[in-house]
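Chains, contacts and geometry: an overview
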Amino acid sequence: MTVGPIALDAMGGDFAPLEVVKGAVRASRDFGIDVVLVGDESVLKAQLAGLGEKESERIRIRHAPEVVLMTDAPSVVIRGKRRSSIRVASNLVKRGEASGVVSAGNTGATMVAARFEFGLAQGVERPAIAQVFPNRKHGTVVLDLGANVDCKVGYLVQFGVMGSIYASIVFQKRRPKVGLLSIG
C-alpha cells in the first residue's frame with residue numbers, strides 16, 4: 001500500500017511556523033515521510049531556507065493565505081477563513097492529494113474543518129479527538145479530549161464504539177475494554 005504525503009498545517013500551533021517546519025524536515029529526513037506544508041508560501045520558503053532546505057519531492061508547499069488563530073471561534077473556518085491553512089490542508093485529503101492532515105493549532109477549528117471536509121461516518125453524530133496513552137501492554141485509547149463541551153449520552157456511546165474499533169485494529173485486540181472517565 002502506497003501512502004501519500006501528509007498535509008501539515010504549518011501555520012497552526014505554538015511557535016509556528018518555524019517549529020512545525022523543523023518537524024516536517026526531520027520527519028522527511030529521518031522517517032522518509034512526504035509532507036505538504038500548508039500556509040503562507042513566502043514565509044514557508046524562508047523558513048525552509050533558514051534551515052538549509054528547499055522544496056523538494058519530499059517536502060512541498062501549498063499556499064494558504066489565511067491563518068486560524070488560537071483565539072478564533074471554530075466556526076471561523078467555515079464562515080470567515082475558507083483559505084486558511086487548516087481548511088486547505090483538510091481539503092488536500094478530501095481530494096486525495098494527501099493521506100492525512102496534521103495540525104497543532106486551534107483544536108476546535110481543526111475539528112470543524114475535518115467535519116466539513118470529510119463529513120461523518122454513518123451513525124456518528126459527533127466527532128471526537130482520540131489519543132493513545134501509553135501503558136504496560138500497548139496503550140489506552142482515550143476519546144473526546146476536550147473538544148466537546150456538551151456531550152449527550154448517545155455521543156458517549158458512540159465514542160466508546162469508535163474507540164473500541166480503533167483499539168481493536170491498532171492493537172489487534174479482539175474485545176477491548178471500554179470505560180468512562182468524567183472530569184466534570
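The paragraphs below set out a description of the structure included in this document.

**A closer look at the packing of helix H1 (residues 18-31) against helix H2 (residues 41-50)**
Orientation of H1 relative to H2, taken along the N-to-C sense of each, is 60°, at an axis distance of 10 Å. Considering the angle they form, H1 stands oblique to H2. As for how H1 packs across H2, the hand of that crossing is right-handed. Where H1 approaches H2, its residues Leu18, Val21 and Val25 are matched on the opposing element by Leu44, Gln47 and Leu48.

**Observations regarding the pattern of salt bridges**
Under the defined criterion, the tally for this structure stands at 11 salt bridges. Here Arg95 ties to Glu97 by a salt bridge, and the two come within 2.7 Å at their closest N and O atoms. By sharing partners, the salt bridges in this structure join Glu41, Lys45 and Glu55 into a single network.

**Describing unusual backbone geometry**
Here the residue pair Ala16 and Pro17 is connected by a cis peptide bond, since its omega of 5° sits within 30 degrees of zero. You can see Pro17 is positioned in the loop between strand E1 (6-9) and H1. The phi dihedral of Phe15 falls on the positive side, at around 65°, and the residue is not glycine. Its place among the elements puts Phe15 in the loop between E1 and H1. Overall, the relative accessible area of 70% leaves Phe15 in the exposed class. Residues other than glycine seldom take positive phi values, yet Gln172 does so here, at roughly 55°. Considering the arrangement of structural elements, one finds Gln172 in the segment after helix H6 (153-170). Of the residues examined, Gln172 reaches a relative accessible area of 73% and is grouped as exposed.

**Examining a nonpolar patch on the surface**
Together, Val153, Val157, Val161, Ile165, Tyr166, Ile169 and Val170 give the surface a local cluster of nonpolar side chains, amounting to about 670 Å² of exposed area. Locating Val157 in the fold gives a position in helix H6. Overall, Val157 belongs to the exposed group, its relative accessible area being 52%.

**Observations concerning the environment of Thr110**
One can find Thr110 in helix H5 (residues 107-118). Of the residues examined, Thr110 reaches a relative accessible area of 21% and is grouped as partly exposed. In sequence terms Thr110 and Arg60 are 50 residues apart; their C-alpha atoms lie 21 Å from each other. Once residues lying within four places of it in the same chain are set aside, the contact partners of Thr110 are Ile86 and Ser103.

Rules used in this analysis
- Residues numbered from 1 in each chain as written.
- Predicted model: local features only at pLDDT ≥ 70, side-chain atom pairs only at ≥ 80, totals over all residues.
- Heavy atoms only, no water.
- Axes fitted to C-alpha atoms, helices over the stretch in contact; angles between N-to-C directions.
- Helix = DSSP H or I, 4+ residues; strand = E, 2+ residues; numbered from the N terminus.
- Parallel < 35°, antiparallel > 145°, perpendicular 65-115°, else oblique.
- Left-handed = near helix turned anticlockwise from the far one by under 90°.
- Contact = heavy atoms within 4.5 Å.
- Salt bridge = Lys/Arg side-chain N within 4 Å of Asp/Glu carboxyl O.
- Buried < 20%, exposed > 50% of the residue type's maximum accessible area, 1.4 Å probe, protein only.
- Patch = residues over 30% accessible without salt bridge, like charges linked within 9 Å, V, L, I, M, F, W, Y side chains within 5 Å.
- Areas by Shrake-Rupley, 256 points an atom, 1.4 Å probe, with all protein chains shown as cover.

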